[in-house]
Amino acid sequence: MPQSQVEAARLADGVWRQARIAPSGNPGQVILDGAMVVRDGLVAWIGSEAELPAEFRQAGLAQHDVGNRWITPGLIDCHTHLVYGGNRADEFAMRLAGASYEEIARSGGGIVSTVRATRAADEDSLFRQSARRLEALLAEGVTTIEIKSGYGLDLPAERKMLRVARRLGESYPVTVYTTFLGAHALPPEYKDRADEYIRLVCDQILPALHAEGLVDAVDVFCENIGFSVTQSEQVFIAAGKLGLPVKMHADQLSNIGATQLATRYKALSVDHLEHLSEADVAAMQESGTVAVLLPGAYYFIRETKQPPLELLRRYRIPIAVSTDSNPGTSPSTSLLLMLNMSCTLFRMTTAEALMGVTGNAALALGKADRHGLLAAGRAADFVVWSVESLAELAYWSGLNPCSAIVRGGRFAAV
Ligand code: NIG
Ligand code: FE
């Protein structure tokens, strides 16, 4: 939907009644005879329909009969690499023939092959390639998304990616938060000079992009095939100097101390976490860091080690779930499918899964004051679902039960 259409989209103002509402996405806290008043892009009132204040009962206000369907906050996809050129179907074939993700990366494929395709694409082509993925996500009720850079790995190409991410947010009914992931892989021209590349990221690329208003947070791929703890720390220090929050691709393929570092820098989230230890989880509790689980990547690279869900529960760590939408480990554009997979693959409950894409995903972005909760004065970002129970949001795979999506108080195309 181009910008002109976003502005022209029909207002969703009025009283939404006969609704079952989960205001925070938590199926344990619901309003069964709910009503919600939408005005000027915001929720003006929410509660039990019997208590709807007289001022909202007057004739003239638009009435939206929800027919006992469920309303949740708009979904939040808090970890994506949505903007990139090309795809890696050829690499998928290599992995099916026996090569591992790590082997392909070490032999010059993997992330670096997407870097080549992304550098080669002009901004409009990159926009078009990414827009169709975004459209698929939005059709399932996503109203907020995080998009990382990290396939440019030099100033012009990282800038191009982040500009495309911002443009997507201006062109579609979705709030986009950008994350700078310059430390995603070593660009080929810096072979054997990782420290030098990290200096370039910290001293030049990040400050320049931040000055252009293109960066909301900073991420690092801290891993044997990514960057060391020492190098990652340099990036965190640079982010701190600019007042930017940090997050980390941590403990995906091995445990080299990524989460320990991230928690020392009060990271918003650590993401992947298959190799997380109990000491890491304890540190996360201390620093208030959210665990972001990415079942699409676990599934697609045929990982067998599971993230330690019981430990995360025991330490009461908020758990978010996301697509990780990217060409190498999770070419997925369905957040609902991720709900399903987080339950089937990780044994999360359907309630945990839903909180993982609403309230806890907002926490992972450091934006819980703006997203993931329907309350008076908050943005009217919500989805009406044609389901009998909220568990169905994680139960189906392939069925899209969205019956209306409202973002910023306007109807978004379903
Ligand atoms: O989240 N692990 C690092 N980054 C991505 C994969 C990127 C790619 O393979 O293109 C991830 O899994
Ligand atoms: Fe990722």
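- An unreviewed UniProt entry lists the protein under the name Imidazolonepropionase, with Collimonas rhizosphaerae given as the organism.
- On record in UniProt, under Subcellular location (unreviewed entry), the comment for the protein is "Cytoplasm".

What about the overall build of the protein?
Item 1. Looking only at helices and strands, one finds 16 helices and 16 strands in the protein.
Item 2. Taken against the 2.2 N^0.38 rule, which gives 22 Å for 414 residues, the C-alpha radius of gyration of the protein at 21 Å falls within 12% of a compact globule.
Item 3. Along the first, second and third principal axes, the C-alpha set of the protein runs to 70 × 45 × 45 Å.
Item 4. Residues classed as buried in the protein amount to 59% of the 414 residues present.

What about the pattern of salt bridges?
Pairing is possible between side chains of opposite charge, provided their charged atoms come close.
Item 1. Across all of its chains, the model carries 18 salt bridges by this definition.
Item 2. Close ionic contact of aspartate 219 with lysine 148 constitutes a salt bridge, the shortest N to O distance being 2.8 Å. With aspartate 219 in strand S9 (residues 217-221) and lysine 148 in strand S7 (residues 142-148), this residue pair connects regions lying 71 residues apart in the sequence. Both residues of the pair, aspartate 219 and lysine 148, count as buried.

Describing the side chain of aspartate 77
Item 1. With respect to the element layout, aspartate 77 can be found in strand S6 (residues 75-77).
Item 2. No salt bridge is formed by the buried aspartate 77, whose closest oppositely charged neighbour, lysine 148, lies at an N-O distance of 9.4 Å.
Item 3. Among the polar contacts listed, one links the side chain of aspartate 77 to the side chain of serine 322, at a separation of 2.6 Å.
Item 4. Of the polar contacts made by the side chain of aspartate 77, one reaches the side chain of threonine 323; its length is 2.7 Å.
Item 5. Filtering out sequence-adjacent residues up to four positions away, aspartate 77 remains in contact with Leu137, Val142, Thr144, Ile145, Glu146, Ser322, Thr323 and Leu335.

Regarding the site of ligand 1
Item 1. Around ligand 1 sit 15 residues in total, of which Arg88, Tyr101, Tyr151, Gln252 and Thr329 are the nearest.
Item 2. In this structure, arginine 88 approaches ligand 1 through a side-chain N or O atom, which is 2.8 Å from an oxygen atom.
Item 3. At 2.9 Å, a side-chain N or O of histidine 184 approaches a nitrogen atom of ligand 1.
Item 4. For ligand 1, whose accessible area on its own is 330 Å², the fraction buried by protein is 100%.
Item 5. Among the cavities detected, the one that contains ligand 1 is the largest cavity.
Item 6. Of the residues contributing to the shell around ligand 1, the split by class is 4 nonpolar, 9 polar and 2 charged.

What about empty space enclosed by the protein?
Item 1. Summed over the entire model, instances satisfying the criterion amount to 2 cavities of 30 Å³ or more.
Item 2. Looking at the largest cavity, its volume works out to about 100 Å³.
Item 3. Lining the largest cavity are 14 residues, and of these His81, Tyr101, Ile111, His184 and Thr329 lie nearest its centre.
Item 4. Tallied by class, residues from the lining of the largest cavity come to 4 nonpolar, 8 polar and 2 charged.
Item 5. Each pocket or cavity is described by its volume, and for the second largest cavity that value is around 60 Å³.

Remarks on the coordination of the iron ion (ligand 2)
Item 1. Around the iron ion (ligand 2), the protein contributes the donor atoms His79 (NE2), His81 (NE2), His249 (NE2) and Asp324 (OD), which lie 2.1 to 2.2 Å from the metal centre.
Item 2. Binding-site remark: the iron ion (ligand 2) is held by donors from one chain whose sequence spacing is H-x1-H-x167-H-x74-D. Residue histidine 81 is located in the loop between S6 and helix H2 (89-96), and its partner histidine 249 is located in strand S10 (residues 246-250); the two are separated by 168 residues in the primary sequence. Accessibility assignment for this pair places histidine 81 and histidine 249 in one class, buried.

Some thoughts on the confidence of the model for the protein
Item 1. Per-residue confidence for the protein averages 96 on the pLDDT scale, and 98% of its residues sit at or above 70.
Item 2. We note a pTM of 0.97 for the whole complex and an ipTM of 0.97 for its interfaces.

A word on a nonpolar patch on the surface
Item 1. A cluster of nonpolar residues, Tyr395, Trp396 and Leu399, forms a patch on the protein surface that exposes about 330 Å² of accessible area.
Item 2. Tracing the chain through its elements places tyrosine 395 in helix H16 (residues 392-395).

Things to note about the sheet that holds strand S8 (residues 175-183)
Item 1. Within the open sheet, the 8 strands sit side by side as S6-S7-S8-S9-S10-S11-S12-S13. Their pairing is parallel. Single-partner strands in this sheet number two, and they are S6 and strand S13 (319-321). Sheet twist, expressed as the average angle between the axes of neighbouring strands with direction ignored, equals 25°.
Item 2. Across 3 bridges, strand S12 (residues 290-293) lies against S13 in parallel orientation. Bridge pairing links leucine 293 to valine 321 in S13.

A look at the nonpolar core
Buried together is how nonpolar side chains tend to be arranged in soluble globular proteins.
Item 1. Among the nonpolar cores identified, the biggest contains 98 residues, and Leu168 and Met248 are the most heavily contacted of them.
Item 2. With 8 residues, the top contributor of residues to this core is helix H7 (residues 194-211).
Item 3. What leucine 168 contacts, discounting residues up to four positions off in sequence, is Leu82, Val83, Phe127, Ser130, Ala131, Leu134, Ile147, Val174 and Val176.
Item 4. Counting residues in hydrophobic clusters, the runner-up holds 18 residues, among them Trp16, Ala380, Val384 and Phe411.

Points about unusual backbone geometry
Trans peptide bonds make up the majority, and among non-glycine residues the majority have a negative phi.
Item 1. Phi at glutamine 18 is positive, roughly 55°, even though this residue is not glycine.
Item 2. When you line up the elements, glutamine 18 lands in strand S1 (residues 14-21).

A closer look at the UniProt feature "domain: Amidohydrolase-related" (unreviewed entry) in the protein
Item 1. Per the UniProt record, the feature "domain: Amidohydrolase-related" (unreviewed entry) sits at residues 70-397.
Item 2. A distance of 18 Å separates the end C-alpha atoms of residues 70-397, which is 44% helix and 15% strand.

A look at the pairing of S8
Successive residues of a regular strand alternate their side chains across the two faces of the sheet.
Item 1. Among the 9 residues of S8, 9 are classified as buried, and the element is accordingly described as predominantly covered.
Item 2. In terms of strand pairing, S7 meets S8 through 5 bridges, oriented parallel. Among the inter-strand pairings, glutamate 146 is bridged to a residue of S8, identified as tyrosine 177.
Item 3. In terms of strand pairing, S8 meets S9 through 3 bridges, oriented parallel. Bridge pairing in S9 links alanine 183 to valine 220.

Scoring rules and cut-offs
- Residues numbered from 1 in each chain as written.
- Chains lettered and ligands numbered in written order.
- Predicted model: local features only at pLDDT ≥ 70, side-chain atom pairs only at ≥ 80, totals over all residues.
- Heavy atoms only, no water.
- UniProt positions renumbered as here; feature names shortened; annotations may be inferred.
- Helix = DSSP H or I, 4+ residues; strand = E, 2+ residues; numbered from the N terminus.
- Rg over C-alpha atoms; globule rule 2.2 N^0.38 Å.
- Buried < 20%, exposed > 50% of the residue type's maximum accessible area, 1.4 Å probe, protein only.
- Salt bridge = Lys/Arg side-chain N within 4 Å of Asp/Glu carboxyl O.
- Lys, Arg positive; Asp, Glu negative; His and termini not counted.
- Polar contact = N/O pair within 3.5 Å; in protein donor to acceptor, adjacent residues only side chain to side chain.
- Contact = heavy atoms within 4.5 Å.
- Near = heavy atom within 4 Å.
- Areas by Shrake-Rupley, 256 points an atom, 1.4 Å probe, with all protein chains shown as cover.
- 1 Å grid on protein atoms, 1.4 Å probe; cavity = no way out; pocket = protein on both sides within 12 Å on 5 of 7 lines; lining within 4 Å.
- Sits in = over half its atoms within 2 Å of the grid points.
- Nonpolar A, V, L, I, M, F, W, Y, C, P; charged D, E, K, R; others polar.
- Points joined across faces, edges and corners; volume = space filled by probe spheres on them.
- Donors = N, O, S within 2.8 Å, 3.2 Å for Na, K, Ca; no water.
- pLDDT = per-residue confidence, 0-100.
- Patch = residues over 30% accessible without salt bridge, like charges linked within 9 Å, V, L, I, M, F, W, Y side chains within 5 Å.
- Pairing = 2+ DSSP bridges.
- Axes fitted to C-alpha atoms, helices over the stretch in contact; angles between N-to-C directions.
- Core = buried A, V, L, I, M, F, W, Y, C linked by side-chain atoms within 4.5 Å.

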